Amino acid sequence: MAAPMFCVDKKPSNFEPYRFTLSAKFEQLAWDELREEPEIREQSLTQLRDWIAKHPYIRKCRTDAVFLLRFLRFRKFSVPQAQAAIERYLAMRQTFPDWFQKLDSTEDSMLETVDDEPMTVVGRDEAGRTLVWIRFGRFNVEKLNPIAIFRYLMIFLEVLLDDEEVQVGGFRVWADYTDSTLKHYGMWGISDLKLLMDAVNRSMPIRIREIHAVKLPKFAVAIANVLLSFATPKFKERISCHSTVLESKSHFDESLWPKQYGGPQDSVELNRALRKLFCEKRDALLALDDMDIDVEHYSSLWNQSGSNNSDIDGGIAGCFRKLNVD
């Protein structure tokens, strides 16, 4: 494996100066939505670096600006909340190594999955949000188990998270469940679903702005309910359910529609670019394993239930009842 691309010394002798290189549009967006401006950014980075250097349980951690900005932007420049997010991210990666470590994005199974096109980065809308188009039925469940699908998702997110436009603008998700089968849902256990939701809702520094779910099969509603029972109320509020692709299309600019939906976006070309990104980011992904935290100190984070059984009746089933889906 190549040498790590980022230093994980918690007390490096110096820090590379940060330079904001995004467009004026994203600069304004960062201020409007995240309260980010140069003085606040520099002060927050300094506070985080000092905190990491003195932290009794963090042994090794990236301290480069782009990495730390993942968490500051995720928590809208609340330094205490960004600190808690860093702790949770580091602890989760080491507590569940089968899911989060040794993320080799050039493994045959991962590159084959890219080629199957289950998740596509379509582009950015006028509000700067990155649109991710998911076709869940294109995950090859004859070859992939839940851990493999989860690892693919983590690789997908990690390769995008050092993109500062993604950090500032966040994600919109367009999830089409057409052609998904019972096996796509039946293989997930309760602990799998809980960890999945914890990762995307709490532990990964991602800003999911909207989720548009299309044509979820009736047999999958129960599984979706269990998944959403582990979600925060704010996360649930961002989900919209649609009976047809046609209905969902009205929520997206036509310039972002894939060719399969009558638009201009070529999923083959887009996923070819994603495959290239997977290959380019391999060493940086594997180097994340060099970070280190005392996981025993944080074991209680995953010993809590984090949900209420009464919540299982809510979630996507409620959305479908509104649509009069039997």
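Every value quoted in this text rests on a predicted model; they were computed, and no experiment measured them.

With that out of the way, let us pick up the nonpolar core. The biggest cluster of nonpolar side chains holds 94 residues, and the ones touching the most others in it are Ile-86, Met-154 and Phe-278. The greatest single-element share of this core, amounting to 12 residues, is contributed by helix H7 (residues 146-161). The contact partners of Met-154, leaving out residues within four places of it in the chain, are Trp-99, Phe-100, Leu-103, Ala-199 and Met-204. If you look at the next biggest cluster of nonpolar residues, it comprises 10 residues, including Trp-133, Val-245, Phe-252 and Trp-257.

Glancing now at the pairing of strand S2 (residues 119-124). Direction of pairing for S2 relative to strand S3 (residues 130-135): antiparallel, over a ladder of five bridges. Residue pairing for S3: Arg-124 is matched across the bridge by Thr-130. Hairpin connection, S2 to S3: the antiparallel pair is bridged by five residues, and Gly-128 has positive phi, about 85°.

With that out of the way, let us pick up the confidence of the model for the protein. Detailed conclusions should not be drawn from predicted coordinates in areas where pLDDT is low. Considering every residue of the protein, the mean pLDDT works out to 91; 91% of them sit at 70 or more. A low-confidence stretch, residues 305-317 stays under pLDDT 50, and its non-local contacts, those more than four residues away or across chains, total 24 contacts. Across residues 320-326, confidence stays below pLDDT 50; counting only partners more than four residues off in sequence or on other chains, it has 11 contacts.

This part is about the pairing of strand S5 (residues 208-214). Successive side chains on a regular strand alternate, one facing one side of the sheet and the next facing the other. Within S5, five of the seven residues are buried, leaving the element largely enclosed by the surrounding structure. The sheet contact formed by strand S4 (residues 171-176) and S5 spans six bridges and is parallel. Across the sheet, Arg-172 pairs through a bridge with Glu-210, a residue of S5. With four bridges connecting them, S5 and strand S6 (residues 239-242) associate as parallel partners. The residue bridging Ala-213 from the neighbouring strand is Cys-241, located in S6.

This next bit is on the pattern of salt bridges. This structure, assessed with the given rule, holds 26 salt bridges. In this structure, the salt-bridge partner of Arg-124 is Glu-165, at a minimum N-O distance of 2.9 Å. Placement of the pair is Arg-124 in strand S2 and Glu-165 in helix H8 (residues 164-169), with a sequence separation of 41 residues. Between Arg-172 and Asp-125 there is a salt bridge, and its shortest N-O distance comes to 3.4 Å. On the criterion of sequence distance, the pair formed by Arg-172 in strand S4 and Asp-125 in the loop between S2 and S3 is long-range, its members being 47 residues apart. The class for Asp-125 is buried, based on a relative accessible area of 9%.

Right, let's get into the packing of helix H6 (residues 108-116) against H7. The geometry of H6 relative to H7 is characterised by a closest axis approach of 11 Å and an angle of 75° between their N-to-C directions. For the element pair H6 / H7, the angle class is roughly perpendicular. Judged by residue contacts, Met-110, Thr-113 and Val-114 of H6 engage Ala-148, Tyr-152 and Ile-155 from H7. Taken together, the residues of the contact of H6 with H7 break down into five nonpolar, one polar and no charged.

Definitions and cut-offs
Residues numbered from 1 in each chain as written. Predicted model: local features only at pLDDT ≥ 70, side-chain atom pairs only at ≥ 80, totals over all residues. Heavy atoms only, no water. Core = buried A, V, L, I, M, F, W, Y, C linked by side-chain atoms within 4.5 Å. Buried < 20%, exposed > 50% of the residue type's maximum accessible area, 1.4 Å probe, protein only. Helix = DSSP H or I, 4+ residues; strand = E, 2+ residues; numbered from the N terminus. Contact = heavy atoms within 4.5 Å. Pairing = 2+ DSSP bridges. pLDDT = per-residue confidence, 0-100. Salt bridge = Lys/Arg side-chain N within 4 Å of Asp/Glu carboxyl O. Axes fitted to C-alpha atoms, helices over the stretch in contact; angles between N-to-C directions. Parallel < 35°, antiparallel > 145°, perpendicular 65-115°, else oblique. Nonpolar A, V, L, I, M, F, W, Y, C, P; charged D, E, K, R; others polar.

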